[in-house]
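Residues per chain are reported as follows:
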Amino acid sequence: MAVEPKKHEMPTQDAKTRARNFKEVALGYTAEVAVAEAKRCLNCKNRPCVDGCPVNIAIPDFISKIKENDFEGAYGVISESSSLPAVCGRVCPQETQCESKCTLGIKFEPVGIGRLERFVSDYHNANFKGEPEIPASNGRKVAVIGSGPSGLTCAGDLAKKGYKVTVFEALHLAGGVLVYGIPEFRLPKSIVQKEVDALKKYGVDVETNVVVGKTITVDELFGQGFEAVFIGSGAGLPRFMGIPGESLKGVYSANEFLTRNNLMKAFNNDSRTPIMHAENVAVVGGGNVAMDAARTALRLGAKNVYIVYRRSMDELPARKEEVEHAEEEGIRFEILRNPVEIIGYNNPDDRRDPRNGFVTGIKVRKCELGEPDEKGRRRPVEIAGSEYVIDVDCVIMAIGTSPNPLIKNTTAGLDVNNHGGIIVEEATGKTSKEGVYAGGDAVTGAATVILAMGAGKQAAKAIDEYLKNKK
Amino acid sequence: MYRIAVKRELNPTVTMMEIEAPLVAAKAQAGQFIILRVDADGERIPLTVAGCDTLKGTVKIIFQVVGGTTMRLNTKKQGEYIQDFVGPLGCPTRTDGIKKVCIVGGGVGCAIALPVAQKFHDLGAEVHSIIGFRNKDLLILEDEFKACSDKLTVMTDDGSYGRKGVVTEPLKEAIEAGENYDEVITIGPLIMMKFVVATTKPYNIPTTVSMNPIMIDGTGMCGGCRLTVGGKTKFACVDGPDFNGFEVDFDEAMARGTMYADFERKEREEFCNLFKKEVK
């Protein structure tokens, strides 16, 4: 039988409708479509997809189970390697990971591995009624700082090995970037909550409203009987460009804009947290966070939303699917443009004019692509005299973050690099301080959910070995 | 959930609460702040710590009832609970090497200035305090300031209590009379702090201001609390809330503080209407 050359399409909400609501965009495969998509897998000998997965899920094995209509069996295979399959099936950049290695992809479109992973975990969440098997406790305490993807993964793996794990979260809700950063329309918060609840069933304690480095220090955690600590505190301070006008009213960091909306539910009328409902919005940056911010602004009612990015469409670091979704929804891409100034309203005759100090536009300079930089991406070169103003009333800066200083400032013996990232041994997440491990954005700077999960997983393994040898 | 162990009205618009939060109480120092949410839909608001009792495990907060959230907080009774309470956040007020200090507080800012004055007093420094209010009815914490100050001047705008006038007048007089302050620390409305800085600058007396911008997480994640200090972007939650007053761009901070003025007005009105309904 000939192989279907294309992936089965993911059903989505109609672009016009979804651009005005916060419901999930992608609707997921039905069982029938999932089985048909699974049958596209060649079950090849080399299994290159497994190497493409940062947590090495046995991809052909779970796909084989789908072929046999054994969806719970498929879930069992995935959960051996991944703690958050419903999350990863939605937000992993599969096109640069597992799917980029797929043998079928040499001639045709690769197998829709991410879509299948999502199907399997949604099936499990909807249908599984049993209780997980709780491992016998070994009575040893491990602290995990941060309840984002790396922390949840590390906590889950250690709990499954019998450790008594406590997760400390600074915010009032667990989930880290999965709840404050990634919007509802891409990752419903009910899914994150299910994953957190599942961990609690394994005996993991989650302590919210605890800022490690302030409320309690790493050294004090050891004093309380924790034998190892994993730091997964995430990325921190948002970066700004340093151009004039960044303090005007209507300029947000993407973190603030998304936190107001995702964590604090500002889109909802019952929320007490305000957010600007702007008509024209410019989002500076080209990553997933920029796409999330742009699409959120659109859903809050904006007429025009621009992505301002200094390279071309080919260099956009965002997931391909997010860029496509954004384009379908009507986000406009002002590519090869570099902002030089944000312009604000100023009524010289009336200092009390309420419009004073609010954003009216962003001045950008055109760029062209020059020589590739050290990462191989072509450098943008500004074209002198090419400036023009885009009329906007809101500007969102989505140009990355630098690591949070709270833990490094209060933990003696914890080495950080000159960017402020915690220095670790790559394979284990071991830091310069005895018994302390770290992973995720706190180490790498802003990266992906799955890389953070991979780091959490490696660290859990290393912590287990460390504690077994320590006795 | 965090229990309100004590609630007391200090004046018709200012309330004091002691909240049970032993982890925070064990750590909090003068100059630091907490973030709280009143209920499950609530916004996160920062309030500077007004004192703590490590034995009882309580943290004292003093707030002015100005917006929707502080109105909601003020409806909570002693013995009831608030949803979230996290801290201590920010850096403590710097005290090293300061032997003689002038603390200048304005309005509800005096609640935050008090623990700072007490700390200097406990460290053996000479403490002069100048506290200012709109009128006699709004006066708070006079006895507490008296107890920890070598010299206390109370000012009211309308002269209904203490001396009539603004806080910068006695400050300028003291400086001109030869009081050699190592540091002036000022906490209150932005406009007052701006003028305190304008008063001390000609004499080049180091002046610390305590900033209280709009915040969400308070841990250095969202960037909402950014200020321009010495021409650089700083985050009040992790770099502050205390800053060198000579370097703070007050005009910008004042403008940013009004970003949600419309929303806040609506919130207040909505809350007041809600309250009217409940009373009926």
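Every value quoted in this text rests on a predicted model; they were computed, and no experiment measured them.

Visitor: Explain the packing of aromatic side chains to me, and be specific about the residues and the numbers.
Guide: All names here are of chain A. The tally for this structure, following the rule as stated, stands at nine aromatic pairs over all chains. Ring centres 4.4 Å apart and planes at 25 degrees place the aromatic pair Phe22 and Phe267 in the stacked group. Here Phe267 lies in the loop between helix 13 (254-262) and strand 7 (280-284) and Phe22 lies in the loop between helix 1 (15-18) and helix 2 (31-38), a separation of 245 residues in the sequence. With centroids separated by 5.3 Å and ring planes inclined at 65 degrees, the aromatic side chains of Tyr252 and Phe257 adopt a geometry described as edge-to-face. Neither Tyr252 nor Phe257 differs from the other in exposure class; each is buried.

Visitor: So what's going on with the environment of Val25 of chain A? Residues and values would help.
Guide: Residues and elements named next belong to chain A. On the secondary structure map, Val25 appears in the loop between helix 1 and helix 2. The exposure class assigned to Val25 is buried, which follows from its relative accessible area of 3%. Residues Val25 and Arg337, spaced 312 residues apart in sequence, show a C-alpha to C-alpha distance of 29 Å.

Visitor: I'd love a proper account of the pairing of strand 1 (residues 141-145) of chain A, names of residues and values included.
Guide: Residues and elements named next belong to chain A. With four of five residues buried, strand 1 lies mostly within the body of the structure. Note that strand 1 and strand 2 (residues 164-168) share five bridges and pair parallel. What sits directly across from Ile145, in strand 2, is Phe168. In the sheet, strand 1 pairs with strand 4 (residues 226-231) via five bridges, with the strands oriented parallel. What sits directly across from Val142, in strand 4, is Ala228.

Visitor: How would you summarise the nonpolar core if you had to cite specific residues and measurements?
Guide: Residues Phe62 and Ile66 of chain A are the most contacted members of the largest nonpolar core, which totals 75 residues. Among the elements that take part in this core, helix 18 (residues 449-470) of chain A stands out by supplying nine residues, more than any other. In contact with Ile66 of chain A, other than residues within four places in its own chain, are Ala34, Val35, Ala38, Phe71, Ala74, Leu116 and Val120 of chain A. Counting 53 residues, the second-largest nonpolar core is a separate cluster that includes Val86, Cys102, Ile130 and Phe250 of chain B.

Visitor: Quick one: what's the story with the confidence of the model for chain B, residue by residue and with numbers?
Guide: This prediction gives chain B a mean pLDDT of 92; 97% of its residues lie at or above 70. Taken together, the chains of this predicted complex give a pTM of 0.92 and an interface ipTM of 0.91.

Visitor: So what's going on with the domain arrangement of chain A? Residues and values would help.
Guide: Residue and element names in this part refer to chain A. One can read the domain layout of chain A as domain 1 (15-127), domain 2 (141-236 + 404-470) and domain 3 (240-399). Placing the centre of domain 1 and that of domain 2 at their C-alpha centroids yields a distance of 26 Å. Contacts between domain 1 and domain 2 engage 22 residues on the former and 22 residues on the latter. Summed over both sides, the interface of domain 1 with domain 2 buries roughly 1,900 Å², with 72% coming from carbon and sulfur. Ranking the residues of domain 1 by area buried against domain 2 places Ser83, Leu84 and Val91 at the top, with a combined share of 29%. Run the count over domain 1 and domain 2 and you get zero salt bridges. Linking domain 1 with domain 2 are five residue pairs in polar contact (both at pLDDT 80 or more). Its residues assigned to classes, the side of domain 1 that touches domain 2 comprises twelve nonpolar, six polar and four charged.

What counts and what doesn't
Residues numbered from 1 in each chain as written. Chains lettered and ligands numbered in written order. Predicted model: local features only at pLDDT ≥ 70, side-chain atom pairs only at ≥ 80, totals over all residues. Heavy atoms only, no water. Phe/Tyr/Trp six-rings, centres within 6.5 Å; stacked < 30°, edge-to-face > 60°. Helix = DSSP H or I, 4+ residues; strand = E, 2+ residues; numbered from the N terminus. Buried < 20%, exposed > 50% of the residue type's maximum accessible area, 1.4 Å probe, protein only. Pairing = 2+ DSSP bridges. Core = buried A, V, L, I, M, F, W, Y, C linked by side-chain atoms within 4.5 Å. Contact = heavy atoms within 4.5 Å. pLDDT = per-residue confidence, 0-100. Domains from an automatic or database assignment. Buried area = accessible area lost by both parts, 1.4 Å probe. Salt bridge = Lys/Arg side-chain N within 4 Å of Asp/Glu carboxyl O. Polar contact = N/O pair within 3.5 Å; in protein donor to acceptor, adjacent residues only side chain to side chain. Nonpolar A, V, L, I, M, F, W, Y, C, P; charged D, E, K, R; others polar.

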